[in-house]
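Here are the chains, one letter per residue:
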Amino acid sequence: MSAAAPAELPHPPPLPPLRLAVVGHVEWVSFVMVERLPSAGQIQHALETLEQPAGGGAVVAAQFSRLTNQPVAFYTALGRDALGERAAAELRAMGLELHVAWRESPTRRAITFVEASGERTITVIGERLAPVASDPLPWAELAGCDGVFVTAADEAALRLARRARVLAATPRVRLPVLQAAAVELDALIGSARDPGESYQDGDLCPAPRIYVATEAEQGGFTVPGGRFRAIERRHPPVDAYGAGDCFAAGFTAGLAAGWERPEALALAVRCGAAALDGRGAYASQWGESRPL
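Note that the coordinates shown come from a computational prediction; the quantities given were computed from them, not determined experimentally.

K.L.:
If you had to explain the packing of helix 5 (residues 243–256) against helix 6 (residues 261–274) to someone new, which residues and values would you point to?
P.N.:
At a minimum axis separation of 7 Å, helix 5 and helix 6 run at an interaxial angle of 150 degrees. One way to sum up the angle between helix 5 and helix 6 is to call them roughly antiparallel. The handedness of the crossing between helix 5 and helix 6 is right-handed. When helix 5 is examined against helix 6, the residues A243, C246, F247, G250, F251, A253, G254 and L255 are found in contact with a partner set consisting of R261, A264, L265, L267, A268, V269, C271 and G272. Grouping the amino acids of the contact of helix 5 with helix 6 by side-chain chemistry returns twelve nonpolar, three polar and one charged.

Put into structure tokens, the structure is as follows:
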């Protein structure tokens, strides 16, 4: 990590037409807005509630779709239950090109407390369901993609995703899975503040071409490259849920467009900042209705 001052980022140019896809997971999320997290033994009333399919895979896919105004292929796994069926219907209604591997295990759920400060605290319930290469999904179509982002998969599915021109992933795929796949990632993107997304030089061989670590309002850093700034905000965040995933979507889309690091980061920080402005996973994602 460079100790130099963060570089100013340019204004991102318009994205060219892109074919993007996501291989990843879905969680049915119950958002509970509270003044502050309850203390032990406390009974507290929610200020507001919201339920929707979310999780890193769904959030990145939706952000891709908003950025490109094009259908985005989303390869995922869901439980064959009422929540899984409802999640699939809502994701398709969002315009995603959904490819589902149905499981007998229940669809994973999550409860997300969002404090008045905008900070979110997440409790997941159940196993994370991931698509795998043996699922009867149209894996061959990934070879025609400009960019693919992975949040959950097995090593064989990662190798299939590597056929895309650009492949990026989160450390939450799990480092042993990424190592077993033995593919070179164009980008590994995660939070420097989240122990579940930790990565150190030497953890993967081959190493990712670029590692991006976000640090919320402090911006973050890339290796190689050094530090970058976050967008300066004029008002407090409403809901931090999904901001990191939207950042990752913006950076991956920039790489898929053939941009260099500064332009890709410029789009990424705008996507991450926009996600802070609305309740839930999708209300304020960056898109054509919010000019760059």
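K.L.:
Please set out the sheet that holds strand 7 (residues 120–125) residue by residue, giving values where relevant.
P.N.:
Across the sheet, four strands lie side by side as 3-2-6-7; this open sheet has mixed pairing. Where the open sheet ends on each side, the last strands, each with one partner, are strand 3 (48–54) and strand 7. The sheet shows a mean angle of 20 degrees between the axes of neighbouring strands, direction not considered. By the bridge criterion, six bridges tie strand 2 (residues 27–33) to strand 6 (residues 109–114) in an arrangement that is parallel. Bridge pairing in strand 6 links W28 to R109.

K.L.:
Outline the nonpolar core, supporting the account with residue identities and numerical values.
P.N.:
Ranked by internal contacts, the top residues of the largest apolar core, which has 59 residues, are F64, F74, I189 and F251. Here this core gets nine residues from one element, more than from any other, and that element is helix 5. Setting aside residues up to four positions removed in sequence, I189 forms contacts with F149, A168, A169, T170, P171, V212, F247, A248, F251 and T252.

K.L.:
Kindly report on the side chain of S30, identifying the contributing residues and their values.
P.N.:
Within the secondary structure layout, S30 lies in strand 2. If near-sequence neighbours (up to four positions away) are discounted, S30 is found in contact with L50, E51, R109, A110, I111 and T112.

K.L.:
Residues and numbers for the packing of helix 1 (residues 56–68) against helix 5, please.
P.N.:
For the pair helix 1 and helix 5, interaxial distance at closest approach is 8 Å and the crossing angle is 50 degrees. As summarised for this structure, helix 1 and helix 5 are arranged oblique, according to the angle between their axes. Viewed along their axes, helix 1 and helix 5 form a crossing whose handedness is right-handed. When helix 1 is examined against helix 5, the residues G56, V59, V60, Q63, F64 and L67 are found in contact with a partner set consisting of D245, C246, A249, G250, T252 and A253.

K.L.:
Give me the sheet that holds strand 1 (residues 20–23): which residues, what numbers.
P.N.:
The nine strands lie next to each other as 5-4-1-8-9-10-11-12-13, forming an open sheet whose pairing is mixed. The open sheet has two free edges, formed respectively by strand 5 (97–103) and strand 13 (226–228), since each of these has just one partner strand. Put simply, the sheet's adjacent strands are angled 20 degrees from each other on average, direction ignored. Two elements, strand 12 (residues 220–223) and strand 13, share three bridges in a ladder whose sense is antiparallel. Within the sheet, the bridge partner assigned to G220 lies in strand 13 and is F228. Here helix 6 sits on the sheet in contact with strand 11 (211–214), strand 12 and strand 13, set at roughly 40 degrees to strand 13.

K.L.:
Tell me what's going on with the environment of P236, and back it up with residues and numbers.
P.N.:
Positionally, P236 belongs in the loop between strand 13 and helix 5. A relative accessible area of 60% means that P236 is categorised as exposed. Linking P236 and G57, residues 179 residues apart in sequence, is a C-alpha distance of 26 Å.

K.L.:
I'd like to hear about helix 5, residue by residue, with values.
P.N.:
Here helix 5 is 14 residues long and its end C-alpha atoms lie 20 Å apart, about the 20 Å a rise of 1.5 Å per residue gives. Of the positions making up helix 5, those classed as buried are A243, C246, F247, A248, A249, G250, F251, T252, A253, G254, L255 and A256. Where helix 5 ends, the next residue or the one after it, G258, has phi of about 85 degrees, a positive value.

K.L.:
For unusual backbone geometry, give the residues involved together with the corresponding values.
P.N.:
Of note, the amide linkage connecting C205 to P206 takes the cis form, showing an omega dihedral of 5 degrees. Within the secondary structure layout, P206 lies in the loop between strand 10 (187–191) and strand 11. Here the residue pair V223 and P224 is connected by a cis peptide bond, since its omega of 0 degrees sits within 30 degrees of zero. Its identity is not glycine, yet A182 carries a phi of approximately 55 degrees, on the positive side.

Criteria and cut-off values
- Residue positions are given per chain, counting from 1 as you read along its sequence in written order.
- Confidence filtering applies because this is a predicted model: local features only for residues at pLDDT of at least 70, side-chain atom pairs given and counted only at 80 or more, and all residues used for totals across whole chains, interfaces and linings.
- Side-chain metrics rest on all non-hydrogen atoms present in the structure, leaving aside hydrogens and water.
- Fitting a line to C-alpha atoms yields each axis, with helices limited to the stretch in contact; the angle taken between N-to-C directions then spans 0 to 180 degrees.
- In this description a helix means any DSSP run of H or I spanning at least four residues, a strand means any run of E spanning at least two, and both kinds are numbered starting from the N terminus.
- Reported orientations rely on four angle classes, namely roughly parallel under 35 degrees, roughly antiparallel over 145, roughly perpendicular from 65 to 115, and oblique for the rest.
- Two helices cross in a left-handed way if the nearer one is turned anticlockwise from the farther one by less than a right angle. They cross in a right-handed way if the turn is clockwise.
- Residue contacts are defined here by distance: any two heavy atoms, one from each residue, within 4.5 Å place the two residues in contact.
- Each residue gets one label: Ala, Val, Leu, Ile, Met, Phe, Trp, Tyr, Cys and Pro are nonpolar, Asp, Glu, Lys and Arg are charged, and the others, such as Gly, are polar.
- By definition, two strands form a pair when at least two bridges between them are found by DSSP.
- Here the nonpolar core consists of buried residues drawn from Ala, Val, Leu, Ile, Met, Phe, Trp, Tyr and Cys, with membership extended through side-chain atoms lying within 4.5 Å.
- Exposure classes here rest on a 1.4 Å probe applied to the protein chains alone. A residue is buried below 20% of its type maximum, exposed above 50%, and partly exposed in between.
- Helix span is expected to be 1.5 Å times the residue number reduced by one.

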